[in-house]
Amino acid sequence: MKLKDVKIIDLPKNLDRRGNLSVIEELKNIPFKIKRAYWIYDVPGGEVRGGHAYKRNQEFIVALSGSFDVILDNGKEQQTFSLNRSYYGLYVPEGIWRQMQNFSTNSLALILASIRFDVADYVYDYELFKQMANEKNEHL
Ligand code: TYD
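Notes on the structure in this doc start here. Everything numeric here is computed off the predicted structure, so don't read it as measured data. (Residues numbered from 1 in each chain as written. Predicted model: local features only at pLDDT ≥ 70, side-chain atom pairs only at ≥ 80, totals over all residues. Heavy atoms only, no water.)

In this section: the packing of aromatic side chains. Using the criterion set out here, one finds nine aromatic pairs in the structure. Three or more aromatic residues joined by ring pairs make a cluster, and in this case those are Tyr54, Phe117, Tyr122 and Tyr124. If you follow Lys13 out to its NZ or CZ, it ends over the ring of Tyr87, 3.9 Å from the centre. (Phe/Tyr/Trp six-rings, centres within 6.5 Å; stacked < 30°, edge-to-face > 60°. Lys NZ or Arg CZ within 6 Å of the ring centre and 35° of its normal.)

So, on to the site of the ligand. Neighbouring the ligand are Arg36, Tyr38, Ile40, Arg49, Gly50, His52, Phe117 and Tyr122. Contact between the ligand and Arg49: an oxygen atom at 3.1 Å from a side-chain N or O atom of the residue. One nitrogen or oxygen atom from the side chain of Tyr122 is found 2.5 Å from an oxygen atom belonging to the ligand. Relative to its unbound accessible surface of 530 Å², the ligand loses 60% to contact with the protein. Among the secondary structure elements, those contributing two or more residues to the shell around the ligand are β4 (36–40) and β5 (49–54). Residue composition of the shell around the ligand, by class: four nonpolar, two polar and two charged. (Near = heavy atom within 4 Å. Polar contact = N/O pair within 3.5 Å; in protein donor to acceptor, adjacent residues only side chain to side chain. Areas by Shrake-Rupley, 256 points an atom, 1.4 Å probe, with all protein chains shown as cover. Helix = DSSP H or I, 4+ residues; strand = E, 2+ residues; numbered from the N terminus. Nonpolar A, V, L, I, M, F, W, Y, C, P; charged D, E, K, R; others polar.)

Ordered by their spatial adjacency, five strands build an open sheet running β8-β7-β10-β5-β12, and the pairing between neighbours is antiparallel. Single-partner strands in this sheet number two, and they are β8 (78–83) and β12 (122–123). Pairing geometry for β5 and β12, over two bridges, is antiparallel. Along β12, the bridge assignment pairs Tyr54 with Tyr122. (Pairing = 2+ DSSP bridges.)

Let us now look at a nonpolar patch on the surface. Residues Phe117, Val119 and Tyr124 make up a contiguous nonpolar surface patch of about 370 Å² in total accessible area. Judged by relative accessible area, Phe117 falls into the exposed class, the value being 57%. (Patch = residues over 30% accessible without salt bridge, like charges linked within 9 Å, V, L, I, M, F, W, Y side chains within 5 Å. Salt bridge = Lys/Arg side-chain N within 4 Å of Asp/Glu carboxyl O. Buried < 20%, exposed > 50% of the residue type's maximum accessible area, 1.4 Å probe, protein only.)

Right, let's get into the pattern of salt bridges. Applying the stated criterion across every chain, the model contains four salt bridges. Of the charged contacts in the structure, one is a salt bridge between Asp5 and Lys4, with a shortest N-O distance of 3.8 Å. Residue class for Asp5 comes out partly exposed when judged on its relative accessible area of 28%. By relative accessible area, which is 64% here, Lys4 ends up exposed.

What follows deals with empty space enclosed by the protein. In the structure shown here, the tally under the stated rule is one cavity of 30 Å³ or more. Taken as a whole, the largest cavity spans an internal volume of roughly 30 Å³. Residues that form the lining of the largest cavity fall into these classes: four nonpolar, two polar and two charged. (1 Å grid on protein atoms, 1.4 Å probe; cavity = no way out; pocket = protein on both sides within 12 Å on 5 of 7 lines; lining within 4 Å. Points joined across faces, edges and corners; volume = space filled by probe spheres on them.)

Trans peptide bonds make up most of the peptide bonds, and negative phi angles are found at most residues other than glycine. A positive phi angle is found at Leu27, which is not glycine, with a value near 60°. Leu27 gets classed as exposed once you look at its relative accessible area, which sits at 55%.

The structure is reproduced here in structure tokens:
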């Protein structure tokens, strides 16, 4: 998978003096059907989340509150995305190593996922990930 397949997606914004509203619809604002939503919160200062890749799972990550960085790696190059607004998010295709860090106090990360939780979909070994990523790229 190439890092060019990663993208920031702007979400619709309904600006209103009563407060703003944004929305995500599957296959409309994001390119997959949503099978699961989870969120990360109460992250102590300096903690790092992630540190793995998924074989099949695609994700869309939104900073609903506060800010954090998402570091993506395709086995060859790395790119860092700083998320700090609730009206856009980061689309991460399958086959990308990812880490989340620099969580601000009270930050809230919403993650929409394309498959149900499946521990067999995780790749935790970075060397194995690089091997898998390079094999895949050879066939592209
Ligand atoms: P993990 O994916 O390792 O978190 P992160 O990548 O953010 O560091 O998940 C942490 C724990 O939560 C792990 O024990 C598995 C569990 N978990 C679920 O039960 N369901 C889920 O959908 C997710 C994402 C995690």
